[in-house]
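Chain by chain, the residues:
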Amino acid sequence: MLRFLMNRLGQSIILLLIVTIITFFLINLAPGGPSSTMRMDATAEERQAMVEKLGLDEPVMVRYIEWIGNAFQGDLGTSFNSGEPVTQRILERLPYTIELTIFTILISVILGIFLGVLSAIKRGKAQDHVINFFSVVGLSVPAFWLGLMLILLFSINLGWLPSSGVGSRGEEFSLWGYVSHLILPVLILTTTVLPNIVRFTRSSMLEVISQNYIRTARAKGAKESIVLYVHALRNALIPIITIIGMLIPRLLSGAVITEAIFGWTGIGTLIIEAARGRDYPLVMGVTVVITIVVVVCNLLVDLLYSRVDPRVKNV
Amino acid sequence: MEVSTKPILTEDLDVKPSQGKTSVLKALRNNKVAYGSFWFLVVIHAVVFLGPLFWTTDPDTLQDAGSLASWSLQHPFGTDDLSRDVFARMLHGGRVTLIVGLAAMLFSLLIGTVVGACAGFFGKVVESILMRITEAMMAIPTFFFILVALTVLGTSPAMVILVIALAGWMEIARVVYGETLKWKEYEFVEAANASGATPFRILTKYIIPQIVPSIIVSGTLTIAAAILTESAISYLGLGIQAPTATWGNMLQNSQQYIWTAPVLGVLPGVAITIVVLAYNFLGDGLRDALDPKFVKK
């Protein structure tokens, strides 16, 4: 068990290092790299001063080692554009994204398992077809377009929900103000992962239902509801934990678009600002932090998995 | 689209491969949604690629009808904010969008097949390295890297295709890897091996042809994903740039006119959705039709 976790931890650290190396070299070696980011009207002396200040005159390898050394101490550098520490800017934004994704995961998992099981039980019937149809539709609609249409309907036409922002925070906190700002973003983000959970639950459930021990349970005269919910679902749920782990990168990618539509001040809008402003230290920092988040989530999923499925412990 | 399955010994198999020659299309015929999607896609591609031969209005020329004109005979979908013909832009934009989707898919397919087949066939170190890379790529939110890459490398169509492809080959690699592992155990592969065929020959002549159905399924679903990714990066302003029309950047452009000319935003959105939907239905249908688990007994 401990060995399994240490193994995974080691893999995660290697993954993290590879991600930082690729991103760092991509940014620093590309023709549009940091040295091209200075203002167009900068004089030659200004450029030189900037290059020295940012340490751009040193070889990339040296800069990378310096950067990674600082990163391990929690210092991700200083933002080009705002002059604030990158770590601080990310930590300001991260909670908003975490909030958005946690609500989305909760709703997607509960709804996804429910719909997936329903679809499996009613295999080939109308419910199954309807759920399947909407799953494929959910996978096919561009999230931002759906967001746009929902804003048109609920914010502009009906005026029920705000079209952007994170709601009232701090002093004048109101529950409705808070919830109403969450509804549309969570809804959009949910459509990006819910179909996967539904389809995966369905196939996992169907797989389990076809096993011999389910036939045995039926043969010994257990009620159909007990067979399904006690015998089948418990085992069908195990692989679903993995798919949730696999969906976290997808969720964070989806968060970029969702945050952009609704002006949600999370890490997604931060990377868009950073990319548009060519704020390379910030781009680097966000990428690293996002990878850390994913790696930590994956470790948690592994841990959970080994708790639920006794077979994993021996691996 | 004929897929031939080599005659193999079937006694010791728990699944029976389809007999003789199976036409992919024939296999699809039982699934009405997928079959319909296939023909729908044929029509859409014909309209988008051949349409400009008949609808000769230039997509970038300013029209006399003025900006945001509503529909008329000269301009079936009206004109956009710069008084360009929306119908012509939909056709030309569709061309770019579909080509980006197809090209990104082909490139993803190439990477995925090579990685998966090599990992499955050679095993050992090759397998460890290639599959760990694949898993690592699957574990990171690739969209962030797409944004970073396009920011530093620029947004030319070729770069957009390349970046989307590099972010989307992992699923294919896993499928091909699994299939290669399965097929390399068969006698006809062993026989080829024993008769001294090179690994390259065994892979290309014996193993990959068996995997073609799975590759077609993955490819179909990859096009759908690639089109969605293209539209998403266009939405963020990092996709193929104006004046070249794509459905994605038309959608982005239409946002500010969503009230005065909603059709500008609805059209490309609907176009993307139905094309992606059709590809997804087709891919799902193909998978069910070609998966022995689903073959009716």
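Owing to the predicted nature of the structure, the values given are computational and were not obtained by experimental measurement.

1. Details of the overall build of chain A
Inference 1: From N to C terminus, chain A includes 11 helices and 0 strands.
Inference 2: Counting contacts in chain A only where the partners sit at least 6 residues apart, residues at least 24 apart contribute 70% of the total.

2. As for the overall build of chain B
Inference 1: Counting secondary structure elements, chain B contains 11 helices and 2 strands.
Inference 2: Going from the N terminus to the C terminus, chain B shows its helices and strands as β-β-α-α-α-α-α-α-α-α-α-α-α.
Inference 3: Going through the 297 residues of chain B one by one, you find that 46% of them count as buried.
Inference 4: Intrachain contacts of chain B at a sequence separation of at least 6 include 66% that bridge at least 24 residues.

3. A closer look at the confidence of the model for chain A
Inference 1: The share of residues in chain A with pLDDT of 70 or more is 86%, and the mean pLDDT across the chain is 80.
Inference 2: Confidence scores differ between elements of chain A, with helix H2 (residues 44-53) of chain A showing the lowest mean pLDDT of 66 and helix H4 (residues 86-121) of chain A the highest of 88.

4. Points about the packing of H4 of chain A against helix H9 (residues 224-262) of chain A
Residue and element names in this part refer to chain A.
Inference 1: Running from amino to carboxyl end, H4 crosses H9 at an angle of 140 degrees, the nearest separation of the two axes being 10 Å. One finds that H4 runs oblique with respect to H9. Crossing geometry of H4 relative to H9 is assigned as right-handed. Across the interface between the two elements, Thr97, Leu100, Thr101, Thr104, Val109, Ile113, Val117 and Ile121 from H4 touch Leu228, Leu233, Ile240, Ile244, Leu251 and Ala255 from H9.

5. Points about helix H1 (residues 2-29) of chain A
Since there are 3.6 residues in each turn of an α-helix, residues three or four apart along the chain are aligned in direction.
Inference 1: When the terminal C-alpha atoms of H1 of chain A are compared, their 40 Å separation across 28 residues agrees well with the 40 Å that a helix rising 1.5 Å per residue should span.
Inference 2: Considered for burial, the residues of H1 of chain A that qualify are Ser12, Leu15, Val19, Thr23, Phe24, Ile27 and Asn28 of chain A.

6. Focus: the confidence of the model for chain B
All names here are of chain B.
Inference 1: For chain B, per-residue confidence averages 79 on the pLDDT scale, and residues scoring 70 or more make up 82% of the total.
Inference 2: Per-element confidence in chain B is highest for helix H6 (residues 157-166), whose mean pLDDT is 90, and lowest for strand E1 (residues 2-4), whose mean pLDDT is 48.
Inference 3: Taken together, the stretch residues 6-21 has pLDDT below 50 and engages in 14 contacts with residues farther than four places along the chain or on a different chain.
Inference 4: The ipTM assigned to the predicted complex is 0.78, against a pTM of 0.82.

7. Some words on the interface of chain B and chain A
Inference 1: Each side of the interface is counted separately: chain B has 33 residues, and chain A has 35 residues.
Inference 2: Among the elements of the structure, helix H4 (124-139), helix H5 (142-153), helix H9 (199-235) and helix H11 (262-290) of chain B are those that each provide at least two residues to the side of chain B that touches chain A.
Inference 3: Considering only residue class, the side of chain B that touches chain A consists of 23 nonpolar, 9 polar and 1 charged.

8. Quick word on the environment of Thr79 of chain B
Residues and elements named next belong to chain B.
Inference 1: Position of Thr79 relative to the elements: it lies in the loop between helix H2 (32-54) and helix H3 (86-122).
Inference 2: For Thr79, a count of 27 C-beta atoms within 10 Å translates into the label buried.
Inference 3: Once the C-alpha coordinates of Thr79 and Glu190 are considered, the two residues, 111 residues apart in sequence, prove to be 63 Å apart.

9. A short note on the packing of helix H10 (residues 247-254) of chain B against H11 of chain B
For any two helices packed against each other, the geometry comes down to the angle between their axes and how far apart the axes lie.
Residue and element names in this part refer to chain B.
Inference 1: Running from amino to carboxyl end, H10 crosses H11 at an angle of 150 degrees, the nearest separation of the two axes being 8 Å. Taken together, the axis directions place H10 and H11 in an arrangement best described as roughly antiparallel. The hand of the H10/H11 crossing is left-handed. The residues of H11 that touch H10, namely those facing Trp247, Met250, Leu251 and Ser254, are Leu264, Gly265, Pro268, Gly269, Ala271 and Ile272.

10. Let's talk about the nonpolar core
What tends to happen in soluble globular proteins is that the nonpolar side chains get buried as a cluster.
Inference 1: Ranked by size, the top nonpolar core spans 152 residues in total, and within it Ile271, Val283 and Val286 of chain A together with Ile146, Leu147 and Val148 of chain B carry the most contacts.
Inference 2: The contacts of Val283 of chain A, once residues within four sequence positions are left out, are Ile27, Ile271, Ala274 and Ala275 of chain A together with Val148 of chain B.

11. A closer look at the environment of Phe144 of chain A
Inference 1: Examined against the element boundaries, Phe144 of chain A turns out to sit in helix H6 (residues 143-157).
Inference 2: Each C-alpha atom, one on Phe144 of chain A and one on Gly83 of chain A, is 31 Å from the other, the two residues being 61 residues apart in sequence.
Inference 3: Aside from chain neighbours lying at most four places away, what touches Phe144 of chain A is Ile257 and Ile261 of chain A together with Ala232 and Tyr235 of chain B.

12. Remarks on the environment of Leu270 of chain A
All names here are of chain A.
Inference 1: By the element assignment, Leu270 lies in helix H10 (residues 267-276).
Inference 2: On the basis of neighbour counts, which here come to 26 C-beta atoms within 10 Å, the residue Leu270 falls in the buried class.
Inference 3: Once residues within four sequence positions are removed from consideration, Leu270 is found in contact with Arg89, Ile90, Arg93 and Val286.

Rules of the game
Residues numbered from 1 in each chain as written. Chains lettered and ligands numbered in written order. Predicted model: local features only at pLDDT ≥ 70, side-chain atom pairs only at ≥ 80, totals over all residues. Helix = DSSP H or I, 4+ residues; strand = E, 2+ residues; numbered from the N terminus. Contact = placed C-beta atoms within 7 Å. Buried ≥ 20, exposed ≤ 12 C-beta atoms within 10 Å, placed from the backbone. pLDDT = per-residue confidence, 0-100. Axes fitted to C-alpha atoms, helices over the stretch in contact; angles between N-to-C directions. Parallel < 35°, antiparallel > 145°, perpendicular 65-115°, else oblique. Left-handed = near helix turned anticlockwise from the far one by under 90°. Expected span 1.5 Å × (residues − 1). Nonpolar A, V, L, I, M, F, W, Y, C, P; charged D, E, K, R; others polar. Core = buried A, V, L, I, M, F, W, Y, C linked by C-beta atoms within 7 Å.

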